[in-house]
Amino acid sequence: MARKLIIAANWKMNKGPAETADFIAAFLPSVQALAGECDIVIAPPFVSIPSASALLADSPVALSAQNASEQEKGAFTGEVSTAMLKETGVQHVILGHSERRSIYGEGDQLINAKVKKCLAADLHPIFCLGETLEERESGKLQEVLRRQVSGGLAGLSNDDMSTVVLAYEPVWAIGTGVTATPEQAQEAHAFVRTLVGEQFGMEVAEATRIQYGGSVKPSNSADLMAREDIDGALVGGASLEAESFRDLIANAVA
Ligand code: PGA
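Below is a summary of the structure that appears in this document. (Residues numbered from 1 in each chain as written. Predicted model: local features only at pLDDT ≥ 70, side-chain atom pairs only at ≥ 80, totals over all residues. Heavy atoms only, no water.)

### A look at the overall build of the protein
Next up, step 1: On a plain count of helices and strands, the protein comes out with twelve helices and eight strands.
Next up, step 2: Against the 2.2 N^0.38 benchmark of 18 Å for 254 residues, the protein shows a C-alpha radius of gyration of 17 Å, consistent with a compact globule.
Next up, step 3: Expressed as lengths along the three principal axes of its C-alpha atoms, the size of the protein is roughly 45 × 45 × 35 Å.
Next up, step 4: If you take every contact in the protein between residues at least 6 apart in sequence, the share linking residues at least 24 apart comes to 73%.
Next up, step 5: When the accessible surface of the protein is summed, it comes to about 11000 Å², and 52% of that surface belongs to carbon and sulfur atoms.
Next up, step 6: A distance of 3 Å separates the average location of the 20 positive side-chain charges in the protein from that of its 33 negative side-chain charges. (Helix = DSSP H or I, 4+ residues; strand = E, 2+ residues; numbered from the N terminus. Rg over C-alpha atoms; globule rule 2.2 N^0.38 Å. Contact = heavy atoms within 4.5 Å. Areas by Shrake-Rupley, 256 points an atom, 1.4 Å probe, with all protein chains shown as cover. Lys, Arg positive; Asp, Glu negative; His and termini not counted. Charge placed at Lys NZ, Arg CZ, Asp CG, Glu CD.)

Structure below.
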């Protein structure tokens, strides 16, 4: 099945409103022609979302948040609700990123609650999963991915799954400059697709887009995207400069 590529910029804690505006001014004209060939998403920090939203309105580039609360509203200091994100024009939300899992202790159950909250608000989750080096080296790769998929996507319907994108990000490849080889990535993606199939049926699994993340750059995006089960990229470092992110996308769709 032909799945449209989806390439997303995860800026993490980089770029305030002014830098966000500068990036979009440089980036947007340069990707107009590429946007028909793949879905392009930018995920700035919360405070830069209104600036990005105004500049991306009526453009082919979609807007994502990097997190959302599983709560509706009220006394949750420091949190941002799905309704607030929706109001500011956000379409996607990155959930379960390994930095949220490891630094802020988010577990499968909480991530699952966030996924459901986003779906209820008509926001599209970009659901991240992936193993640490220790887990891979001790032969736990499949066990970890199985736990993350079954826990994080528990209770979702087949309909829900049509708006969920998965992002396989081996933790050892994030921000390290070490990319999984296209073969390693393809093998893990095929396995993740099997897991989605076990949970939702093969038709859903075949239609689900699975991004690869972890040191994707202009020089390796083509090779990775050429693999059968790799349907896009979640990009940190190489998405911070407009030219680099544009080149990464251009090479991916070429
Ligand atoms: P990286 O980050 O591209 O800098 O490795 C990817 C991510 O964490 O989503």
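Once you've had a look at it, read on.
### Some points on the site of the ligand
Next up, step 1: As a matter of local geometry, the ligand sits amid 13 residues, with Lys-12, His-97, Glu-169, Gly-175 and Ser-215 nearest to it.
Next up, step 2: A distance of 2.6 Å separates an oxygen atom of the ligand from a polar atom in the backbone of Gly-175.
Next up, step 3: In the model, an oxygen atom of the ligand is placed 2.9 Å from a nitrogen or oxygen of the Gly-237 main chain.
Next up, step 4: If the ligand stood free it would expose 290 Å²; the protein chains cover 95% of that surface.
Next up, step 5: Taken together, the residues that form the shell around the ligand break down as four nonpolar, seven polar and two charged. (Near = heavy atom within 4 Å. Polar contact = N/O pair within 3.5 Å; in protein donor to acceptor, adjacent residues only side chain to side chain. Nonpolar A, V, L, I, M, F, W, Y, C, P; charged D, E, K, R; others polar.)

### Observations regarding the packing of helix α1 (residues 17–31) against helix α2 (residues 49–56)
Next up, step 1: Across the interface, α1 lies against α2 with an axial gap of 8 Å and an inter-helix angle of 25°. Taken together, the axes of α1 and α2 are roughly parallel relative to one another. The way α1 lies across α2 gives a crossing that is right-handed. Touching Pro-17, Thr-20, Ala-21, Ile-24 and Leu-28 of α1 are Ser-51, Ala-52, Leu-55 and Leu-56, all from α2. (Axes fitted to C-alpha atoms, helices over the stretch in contact; angles between N-to-C directions. Parallel < 35°, antiparallel > 145°, perpendicular 65-115°, else oblique. Left-handed = near helix turned anticlockwise from the far one by under 90°.)

### Focus: the side chain of Gln-148
Next up, step 1: Here Gln-148 shows up in helix α7 (residues 141–152).
Next up, step 2: A residue is classified by how much of its surface remains accessible, and Gln-148, at 3% relative accessible area, is buried.
Next up, step 3: Setting aside chain neighbours within four positions, we find Gln-148 in contact with Arg-101, Asp-108, Phe-127, Leu-129, Gly-130 and Leu-153. (Buried < 20%, exposed > 50% of the residue type's maximum accessible area, 1.4 Å probe, protein only.)

### A short note on the pairing of strand β3 (residues 61–65)
Next up, step 1: The element β3 is largely enclosed, with a buried count of five among its five residues.
Next up, step 2: Residues Val-61, Leu-63 and Ala-65 point to one face of β3 and Ala-62 and Ser-64 to the other, with burial holding for every one of them.
Next up, step 3: Here three bridges tie strand β2 (residues 38–43) to β3, and the two strands are oriented parallel to one another. By the bridge assignment for β3, Ile-40 is matched with Val-61.
Next up, step 4: Each parallel crossover has a hand, and for β2 linked through α2 to β3 it is right-handed. (Pairing = 2+ DSSP bridges. Right-handed = clockwise from strand over helix to strand, strands pointing away.)

### Thoughts on the packing of helix α5 (residues 108–120) against α7
Next up, step 1: Where α5 contacts α7, the axes come no closer than 8 Å and their chain directions differ by 40°. With respect to each other, α5 and α7 are oriented oblique. For the pair α5 and α7, the contacting residues are Asp-108, Asn-112 and Val-115 in the first and Arg-147, Gln-148, Gly-151 and Gly-152 in the second.
Next up, step 2: Of the residues that constitute the contact of α5 with α7, the class distribution is one nonpolar, four polar and two charged.

### Brief notes about the sheet that holds strand β8 (residues 232–235)
Next up, step 1: Taken in spatial order, the eight strands of this closed barrel run β1-β2-β3-β4-β5-β6-β7-β8, and their pairing is parallel. Each strand of the sheet is rotated relative to its neighbour by a mean of 25°, with strand direction disregarded.
Next up, step 2: As defined by bridge partners, strand β6 (residues 165–168) adjoins strand β7 (residues 210–213) across three bridges and the pair is classed as parallel. By the bridge assignment for β7, Tyr-168 is matched with Tyr-212.

### A short note on α5
Next up, step 1: Taking 1.5 Å per residue, 13 residues should reach 18 Å; α5 reaches 18 Å between its end C-alpha atoms and fits that length.
Next up, step 2: Three or more residues of α5 are buried, namely Asp-108, Ile-111, Asn-112, Lys-114, Val-115, Lys-117, Cys-118 and Leu-119.
Next up, step 3: Residues of α5 that are buried sit in contact with α3 (82–87), β4 (92–95), α4 (98–103), β5 (124–129), α7 and α8 (158–161). (Expected span 1.5 Å × (residues − 1).)

### A few points about the environment of Lys-12
Next up, step 1: By the element assignment, Lys-12 lies in the loop between β1 (5–10) and α1.
Next up, step 2: In this structure, the C-alpha to C-alpha distance between Lys-12 and Leu-240, residues 228 residues apart in sequence, is 9.7 Å.
Next up, step 3: Those residues within four positions of Lys-12 in sequence are excluded, and the remaining contacts are Ala-43, Pro-45, Gln-66, His-97, Glu-99, Ile-174 and Gly-236.
Next up, step 4: At 2.9 Å, the side chain of Lys-12 forms a polar contact with the side chain of Glu-99.

Remember, this is a structural readout, not a statement about activity or role.
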